[in-house]
Every structure is written in C-alpha cells, then in structure tokens.
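Tertiary structure, described
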Amino acid sequence: MTKIIEYSARGYIVGRDLRAILGRLLYEERWKRCLKLAIVSNMTGIQPKKIDNVELARGHIHWGLIKKLMDFYGKQMIINLIDVEKKEK
C-alpha cells in the first residue's frame, strides 16, 4: 500500500496520519492471516490492549511495539521521500 502524507505545518497531523496508516496495515496483516488478537498477543508477548491501540491509531507511536509486530509478521517498512511541485501563492 502506498500512501502519501500531505505536508502540514502542524506536525501532529502528520503523526496522526502515520499512526493511522501503520495501524491499518498491521490490522490488515493480522486479518489476512485470520489471527485473533489473543493469539498475536500470546505469540509476541504484547498485551492485547496495546496491539489494539496500535491498530486503531490510539495514543503515541510505540516504535518498539511496531517493530515487534513487523518482525512477527515478517514485514519491513520502507519510507520514501518524493519530490513535490511547489504551489504558487
């Protein structure tokens, strides 16, 4: 899935969008594998509520949890910077 996060002078908007994208991707990975939250919790040692919070983009990004979940699913994250055209004022 490729998602472009629009520029915002307010960093919290970028963070919110990033949390939502990561959470959705991790949820979709769990769903594709037909895994219940409790099973992922047992296999990773992460509390179900914390996994749920990551998938639903609640709270701050906890990179350690995201890394643990990505390792569990055998996934990596790639971030690219792309050129954008400057808008005329």
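Structure shown above.
Residues numbered from 1 in each chain as written. Predicted model: local features only at pLDDT ≥ 70, side-chain atom pairs only at ≥ 80, totals over all residues. Heavy atoms only, no water.

**Considerations on helix α2 (residues 37-44)**
Turning to α2, its buried residues are V40, S41 and T44. Within α2, the buried residues cover an arc of 100° as seen down the axis, which keeps them to one side. Residues N42 and M43 are exposed on α2 and point more than 90 degrees away from its buried face. Once α2 finishes, G45 follows within two positions and takes phi at roughly 80°, a positive value. (Buried < 20%, exposed > 50% of the residue type's maximum accessible area, 1.4 Å probe, protein only. Helix = DSSP H or I, 4+ residues; strand = E, 2+ residues; numbered from the N terminus. Arc of directions from axis to C-beta.)

**What to know about unusual backbone geometry**
Positive phi, normally seen in glycine, also occurs at C34, with a value near 55°. For A57, which is not glycine, the phi dihedral falls at a positive 60°. With respect to the element layout, A57 can be found in the loop between α3 (48-55) and α4 (63-73). The exposure class assigned to A57 is partly exposed, which follows from its relative accessible area of 23%.

**A look at the environment of H60**
Note on placement: H60 falls in the loop between α3 and α4. A relative accessible area of 66% means that H60 is categorised as exposed. Between the alpha carbons of H60 and R16 there is a distance of 8.8 Å; along the sequence they are 44 residues apart.

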